[in-house]
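Chain and residue survey
Spelled out from the first residue to the last, the chains are:
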Amino acid sequence: MARAENKVEAGGTAHMVAAMSKAFREQHQLTQEELGRQIGYTASAISAMETCAQPASDKMLVKLEEVIGGGFGLFEKARWFVLLEKYPMRFRGFSEMEAGAVTISSYETLVVDGLFQTEAYARALIGGGYPPVSEEKREELVEARLARRQLFNQNPAPMIELILEEGVLRRPFGSWEIMREQLRSLAEDSRRDNVCVQVLPMDRGLRGTYAGARGAMKLVVTREHDHVVYMEIEDQGILVSEPPQVSQLAHRYAKIRAQALSPDESLLLIEHLAGEER
């Protein structure tokens, strides 16, 4: 059921899409029920979208463009901005930088990086978080997270590096089968020409030095050659852009990468864990 608080949380793009949809629907002399029937939704779903009680999903926007878009492409253009508004507020500013990056380098310590998550893994992770979110909000967040995967296929595609703590590969969410599917997907993604995945072994600290103790980070180089670092601490997003600080964090990331297994060794470990029965 759509929640009243969504009306308060909905951003400007959701309100614009709602107003535009209602105007185009009325121009076509369609009731909410008739429009819903044509695009595969209920009248209540159309009503919820037009009041922002439940903003339009990406699939709904595609259908609205086909049926009442009138060839203007407005619903199509709105798709990215609607998805952007579904990200948590702390992530929105960085997500725009990520979408236009030429290089993305991530180090993750607790979960698989969102860019690499499967639908089932993302749903289990988001649904099991605290404080809990509604089913509708969970699906919005899953949809927005999966949309980030378009970065893998952009032309030109960015160079994407991922370093994962070995513990991430051994920590299941939802079920062991969901985790095995995630590991298989991670192995497949690691074989892309523009992707490099490495694993930082759990026994790294026994070798004297361990550069990853201060937590996860994500480094981005934009098309304008700006270098930024994004970090999250207890739901607080931190964006670092001052050159001296970025340089220090980049050096730390380079040390973490040097201490990780090679890409080939990492792939073998991921495939081994994906094949384990539990």
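Above this note sits the structure.
In short, a report on the structure. (Residues numbered from 1 in each chain as written. Predicted model: local features only at pLDDT ≥ 70, side-chain atom pairs only at ≥ 80, totals over all residues. Heavy atoms only, no water.)

**Looking at the side chain of serine 185**
- Relative to the assigned elements, serine 185 resides in helix H11 (residues 176–190).
- Residues in contact with serine 185, not counting those within four places in the same chain, are Phe116 and Thr118. (Helix = DSSP H or I, 4+ residues; strand = E, 2+ residues; numbered from the N terminus. Contact = heavy atoms within 4.5 Å.)

**Quick notes on the pairing of strand S1 (residues 101–108)**
- Taken across its eight residues, S1 has six buried, putting it largely inside the fold.
- Bridging between S1 and strand S4 (residues 217–222) involves six bridges; their strand directions are antiparallel. Following the sheet pairing, serine 106 is matched in S4 by lysine 218.
- Inspection of the sheet shows S1 paired to strand S2 (residues 159–165) by six bridges, in the parallel sense. Across the sheet, residue serine 105 finds its bridge partner in S2, namely glutamate 161. (Buried < 20%, exposed > 50% of the residue type's maximum accessible area, 1.4 Å probe, protein only. Pairing = 2+ DSSP bridges.)

**Some details on the packing of aromatic side chains**
- Per the stated rule, a full pass over the model turns up four aromatic pairs.
- Both rings, one in phenylalanine 24 and one in phenylalanine 75, keep their centres 5.9 Å apart while their planes meet at 85°; by these two values the pair is edge-to-face. One end of the pair, phenylalanine 24, is in helix H2 (residues 12–27); the other, phenylalanine 75, is in helix H6 (residues 74–86), with 51 residues separating them in the sequence.
- For phenylalanine 24, a relative accessible area of 14% translates into the label buried.
- Both rings, one in phenylalanine 116 and one in phenylalanine 152, keep their centres 5.2 Å apart while their planes meet at 75°; by these two values the pair is edge-to-face. Within this pair, whereas phenylalanine 116 is found in the loop between S1 and helix H8 (119–127), its partner phenylalanine 152 is found in the loop between helix H9 (135–147) and S2, the two being separated by 36 residues in sequence.
- Judged by relative accessible area, which is 3%, phenylalanine 152 ranks as buried. (Phe/Tyr/Trp six-rings, centres within 6.5 Å; stacked < 30°, edge-to-face > 60°.)

**Brief notes about the side chain of aspartate 113**
- If you trace the backbone, aspartate 113 turns up in the loop between S1 and H8.
- Given the relative accessible area of 2%, aspartate 113 is considered buried.
- When sequence neighbours within four positions are dropped, the list of residues in contact with aspartate 113 reads Ser106, Glu108, Arg148, Leu162, Leu164 and Lys218.

**With respect to the sheet that holds S2**
- Here six strands make up an open sheet; going across it, the order is S3-S2-S1-S4-S5-S6 and the pairing mixed. In the strand order of this sheet, the two ends are held by strand S3 (195–200) and strand S6 (236–240), each with one partner. In this sheet, neighbouring strand axes are inclined to one another by 15° on average, regardless of whether the strands run parallel or antiparallel.
- Alignment of S4 against strand S5 (residues 227–233), held across four bridges, turns out to be antiparallel. Across the sheet, valine 220 pairs through a bridge with valine 228, a residue of S5.
- Those strands touched by H11 are S2 and S3, and its axis lies near 130° from that of S3.
- Across the face of the sheet, helix H12 (residues 243–259) comes into contact with S1, S2, S3, S4, S5 and S6 while running at roughly 115° to S4. (Axes fitted to C-alpha atoms, helices over the stretch in contact; angles between N-to-C directions.)

**As for unusual backbone geometry**
- Geometrically, the link from tyrosine 130 to proline 131 is a cis peptide bond, its omega value of 0° lying close to zero.
- Residue placement: proline 131 occurs in the loop between H8 and H9.
- The linkage connecting asparagine 155 with the following residue, proline 156, adopts the cis geometry, with an omega of 0°.
- Structurally, proline 156 is set in the loop between H9 and S2.
- A positive phi angle is found at histidine 225, which is not glycine, with a value near 70°.

**Regarding the pairing of S6**
- With five bridges connecting them, S5 and S6 associate as antiparallel partners. Bridging from a neighbouring strand, valine 229 pairs with valine 240 of S6.
- In sequence, S5 turns back onto S6 through a hairpin of two residues, with glutamate 234 there showing a positive phi of about 50°.

**Some details on the nonpolar core**
- Counting 32 residues, the largest nonpolar core has Phe116, Tyr121, Leu169, Leu183, Leu186, Val197 and Ile270 as the members making the most contacts within it.
- Of all the elements in the fold, those that place two or more residues in this core are S1, H8, S2, helix H10 (166–170), H11, S3, S5 and helix H13 (263–275).
- Not counting chain neighbours up to four residues away, the residues in contact with tyrosine 121 comprise Val111, Val112, Phe173, Ile178, Met179 and Gln182.
- One finds Phe24, Ile39, Ile68 and Ala78 within the second-largest nonpolar core, a separate group that totals 16 residues. (Core = buried A, V, L, I, M, F, W, Y, C linked by side-chain atoms within 4.5 Å.)

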